[in-house]
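# Overview (structure and organization)
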Amino acid sequence: MGIAALGGVGPFEVANAVGLVAFAMVGALKGADADLDLFGIVVLGVITAFGGGATRDVLVGRIPASLLTTTDVAFAFLGVALGVVVWRRVGPVLDHPAVLLPDAVGLAAFAATGALVGTAFGVSPFGVVLLATITGVGGGSIADLLLTRVPIVLREDFYATPAFVGGAVFWAVDQVAAPPAPTATCVGVVLALRLLALHYDWELPTL
Amino acid sequence: MGIAALGGVGPFEVANAVGLVAFAMVGALKGADADLDLFGIVVLGVITAFGGGATRDVLVGRIPASLLTTTDVAFAFLGVALGVVVWRRVGPVLDHPAVLLPDAVGLAAFAATGALVGTAFGVSPFGVVLLATITGVGGGSIADLLLTRVPIVLREDFYATPAFVGGAVFWAVDQVAAPPAPTATCVGVVLALRLLALHYDWELPTL
Amino acid sequence: MGIAALGGVGPFEVANAVGLVAFAMVGALKGADADLDLFGIVVLGVITAFGGGATRDVLVGRIPASLLTTTDVAFAFLGVALGVVVWRRVGPVLDHPAVLLPDAVGLAAFAATGALVGTAFGVSPFGVVLLATITGVGGGSIADLLLTRVPIVLREDFYATPAFVGGAVFWAVDQVAAPPAPTATCVGVVLALRLLALHYDWELPTL
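So, here is what we can say about the structure in this document. (Residues numbered from 1 in each chain as written. Chains lettered and ligands numbered in written order. Predicted model: local features only at pLDDT ≥ 70, side-chain atom pairs only at ≥ 80, totals over all residues. Heavy atoms only, no water.)

### Comments concerning a nonpolar patch on the surface
Here is the rule we go by: Excluding any residue in a salt bridge, patches collect residues exceeding 30% relative accessible area, merging like charges within 9 Å and nonpolar Val, Leu, Ile, Met, Phe, Trp and Tyr side chains within 5 Å. Exposure was quantified through the Shrake-Rupley algorithm and a 1.4 Å probe, taking into account, for residues, occlusion by the shown protein chains and nothing else. Each salt bridge in this description consists of a side-chain nitrogen of Lys or Arg and a carboxyl oxygen of Asp or Glu lying within 4 Å of one another. Only runs of H or I of at least four residues qualify as helices and only runs of E of at least two qualify as strands under DSSP, and these elements are numbered from the N terminus.
The grouping of Phe-75, Leu-78 and Leu-82 of chain A at the surface amounts to a nonpolar patch, some 230 Å² of accessible area in total. Along the chain, the position of Phe-75 of chain A falls in helix α4 (residues 71–90).

Listed below in structure tokens is the structure:
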């Protein structure tokens, strides 16, 4: 199934490219923090960049774009390079804006690609929300698992929540407006919610 | 591929619904035990409920039903709600019947759905056994991984064994009897074996 | 999609059989080292043997061969049996040639199957390299995750590197030579690089 099926080349390709660069950067930074050597850093960066989208594509039954196109790979390596450069400047970046900001951008961008693909493959409204969430949190969760950490999606409640809400917003806007409106709104909402959650340290109650 | 391909609507849908509620409840209880906040509990419950079936569907190459239907989601949220209510009553439930019983029920129900799907997609006899096992233990294993615990499937040998045996029993009965006999026998055997293993603390020898 | 689509029965089936036996043996040895009981050892062995190939098949959208054929299962159980026998002789095998050698063989054999499948399904050149790497490191990484260890792919840089290089070599040779040349060269290169890396303790720089 081609990009053309994803409701217009524009929205998907832009969100996908932004998400790949942002998450590859996040993965590389996490890897450097974990004292991985250069190859481990590259591997973790690429996995973080490709993980969510590959899961999304496998769930709807198509070969991950990352295996078919070479551009995706270029974006991932660009992100890894950025991560390496930033880490050399900033040093350990745990909870540093240098990693939180691109992570929020990747979350927003990939949540949108998940909603786009879900809509294109005719999944249920909740399926769109689910795919947006899975695609958004997938890469970072896989990276955390590889580093044997409890994934951020379980540690921080306002990590999956923005992607979840963004997916719902995408679906709603998609009922009434033409591309790229749904994608733009989704990205904006996820990014805003995630950054506000970080700034105001939002939390949900525990039992 | 539709439910119709799964050897009759009845057996699959019943086993699937039971498994979703039971495993969502188990996931929510595990999440509450791990001090996750409400959203983390919901996420873990939904992942535990959907994990095994999504793996099963991806392996046979169809879009997970959980992305296509809204009923699956309703069952998962019902299970999460039950888990939250129970946890409020019982408190920490590690190794408590409140979690072991629904876990055994989910194991039995999902093992049956794995065998049903495997048979419908014409995998090999051992493929049926494998799909029953993977579908049965998948959700709980993913939940354990997300909490960075060695999955119960590796810690307790009579967790995967019942699902394994149940898959074989399903295949055998399916050669001689019509639905819902294979499903009913499979569920009964898995549930009985799992509960007996828990009651008598069955163990296999180590090397 | 049949084996016939994999560029000739010979290369894929041979590499696949060798990889299954080798990785099942590695998984069983890792499981014994981790004090798993017999069933856990079998489960970990089978998962290590099937993990990489199943991921490879799911990524290109076909039902994993391990679910369709019974021969794959036989090879996996043969490997587990070998692992059990060796462990009884050698005892704890962490970093012992008894586990490092079959692991290198499995890495080389599965990297080749990944490249073969990628080529047969017309993925991009980098997609071939990626599939070779994922298929090669997949089984061991899943086994490590199940034991909640940071996967060897992140701990040792010359684990994924040989598979990565092997995939590139396969693609290059495949442009100019007929089967089984690409497979043979790929296996040889991966095995040589991995063993040399182990012997000379190769490492890449950290940041």
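### Quick notes on the interface of chain B and chain A
Under the convention used in this document: The criterion used for residue contact is that any of the two residues' heavy atoms lie within 4.5 Å. In the analysis that follows, any N or O atom pair within 3.5 Å is treated as a polar contact, provided that within protein one partner can donate a hydrogen and the other can accept it, and provided that, for residues neighboring in sequence, both atoms belong to side chains. Three classes are used, and their members are as follows: Ala, Val, Leu, Ile, Met, Phe, Trp, Tyr, Cys and Pro are nonpolar, Asp, Glu, Lys and Arg are charged, and the others, Gly among them, are polar.
Tallying the contact residues gives 28 residues for chain B and 26 residues for chain A. At the boundary of chain B and chain A, one finds one residue pair in polar contact (both at pLDDT 80 or more). Sorting the residues of the side of chain B that touches chain A by element identifies α2 (38–59), α3 (65–68), α4 (71–90) and α6 (125–146) of chain B as the ones contributing at least two each. For the side of chain B that touches chain A, the element with the highest residue contribution is α2 of chain B, accounting for eight residues. Within the side of chain B that touches chain A, the residues separate by chemical class into 20 nonpolar, five polar and three charged.

### Notes on the interface of chain A and chain C
Our working rule: The quantity reported as buried area is the accessible area (1.4 Å probe) lost by two parts once they are put together, taken as the sum for both.
In this assembly, 28 residues from chain A lie in contact with 26 residues from chain C. Where chain A abuts chain C, roughly 2,200 Å² becomes buried across the two surfaces, and 79% of that area is made up of carbon and sulfur atoms. Counting the surface chain A buries against chain C, the share from its top three residues, Asp-37, Phe-39 and Leu-67 of chain A, is 31%. Counting every contact that joins chain A to chain C gives one residue pair in polar contact (both at pLDDT 80 or more). Listing elements by their share of the side of chain A that touches chain C, those giving two or more residues are α2 (38–59), α3 (65–68), α4 and α6 (125–146) of chain A. Sort the elements by how many residues they give to the side of chain A that touches chain C and α2 of chain A lands first, with eight residues. The class makeup of the residues in the side of chain A that touches chain C is 20 nonpolar, five polar and three charged.

### Comments concerning the relation of the copies chain A and chain C
Under the convention used in this document: What sets the superposition is a least-squares fit of C-alpha atoms, and only residues with pLDDT of at least 70 in both copies go into it.
Note on the identical chains: chain A maps onto chain C by a rotation of 120° and an axial translation of 0.0 Å, with an RMSD of 0.0 Å. Taken together, the rotation and translation relating the two chain copies correspond to the operation of a three-fold axis. The two copies present different faces, since only 11% of the interface residues in chain A are matched by interface residues at the equivalent positions in chain C.

### Here's the deal with the pattern of salt bridges
Considering all chains together, one arrives at 12 salt bridges over all chains under this definition. Between Arg-56 of chain A and Asp-57 of chain A there is a salt bridge, with the nearest N and O atoms lying 2.9 Å from each other. Linking Arg-155 of chain C and Asp-144 of chain C is a salt bridge whose minimum nitrogen-to-oxygen distance equals 3.5 Å. Of the two residues, Arg-155 of chain C sits in helix α7 (residues 152–155) while Asp-144 of chain C sits in helix α6 (residues 125–146), which places them 11 residues apart along the sequence.

### Concerning the relation of the copies chain B and chain A
The second copy of the chain is related to the first by a rotation about an axis and a shift along the axis. Under the fitted operation, chain B is carried onto chain A by 0.0 Å of movement along the axis and a turn of 120°, and the coordinates agree to an RMSD of 0.0 Å. Of the interface residues in chain B, just 11% have counterparts in chain A that sit at the interface too, so the contact is made through distinct surfaces.

### Remarks on unusual backbone geometry
The omega torsion across Pro-179 of chain B and Pro-180 of chain B is 5°, close enough to zero to call that bond cis. Residue placement: Pro-180 of chain B occurs in the loop between α8 (157–176) and α9 (181–200). In this structure, Asp-35 of chain A is a non-glycine residue whose phi angle is positive, near 60°. Structurally, Asp-35 of chain A can be placed in the loop between α1 (9–33) and α2.

### Concerning the side chain of Thr-183 of chain C
Residue and element names in this part refer to chain C. Spelled out, the test is: A 1.4 Å probe rolled over the protein chains alone gives each residue an accessible area, and that area as a share of the maximum for its type sets the label: buried under 20%, exposed over 50%, partly exposed in between.
Mapping Thr-183 onto the fold places it in helix α9 (residues 181–200). Accessibility expressed as a relative area gives 6% for Thr-183, which makes it buried. Those residues in contact with Thr-183, other than ones at most four positions away along the chain, are Pro-11, Ala-112, Leu-116 and Phe-170.

### Some points on the packing of helix α5 (residues 97–120) of chain A against helix α8 (residues 157–176) of chain A
Residue and element names in this part refer to chain A. Note the following rule: Axes, fitted as lines to C-alpha atoms, cover a helix only where it is in contact. Angles between the N-to-C directions of the axes lie from 0 to 180 degrees. Every angle not falling under 35 degrees, over 145, or within 65 to 115 is termed oblique; those three ranges are roughly parallel, roughly antiparallel and roughly perpendicular. Working rule for handedness: look at the near helix, and if it is turned counterclockwise from the far one by less than a right angle, call the crossing left-handed; if clockwise, right-handed.
At a minimum axis distance of 9 Å, the contact between α5 and α8 shows a crossing angle of 40°. With respect to each other, α5 and α8 are oriented oblique. Between α5 and α8 lies a crossing of right-handed hand. Between α5 and α8, the residues in contact are Asp-103, Leu-107, Ala-111, Ala-112, Ala-115, Leu-116 and Thr-119 and Tyr-159, Pro-162, Ala-163, Phe-170 and Asp-174, respectively. Partitioning the contact of α5 with α8 into residue classes produces nine nonpolar, one polar and two charged.

### Some points on the environment of Gly-136 of chain C
All names here are of chain C. Structurally, Gly-136 is set in helix α6. For Gly-136, a relative accessible area of 0% gives the class buried. With 24 residues separating them in the primary sequence, Gly-136 and Ala-160 have C-alpha atoms 7.8 Å apart. Dropping the residues within four chain positions of it, Gly-136 is found in contact with Phe-23, Leu-107, Phe-110, Ala-111 and Tyr-159.

Spatial relationships are all this shows, so hold off on functional conclusions.
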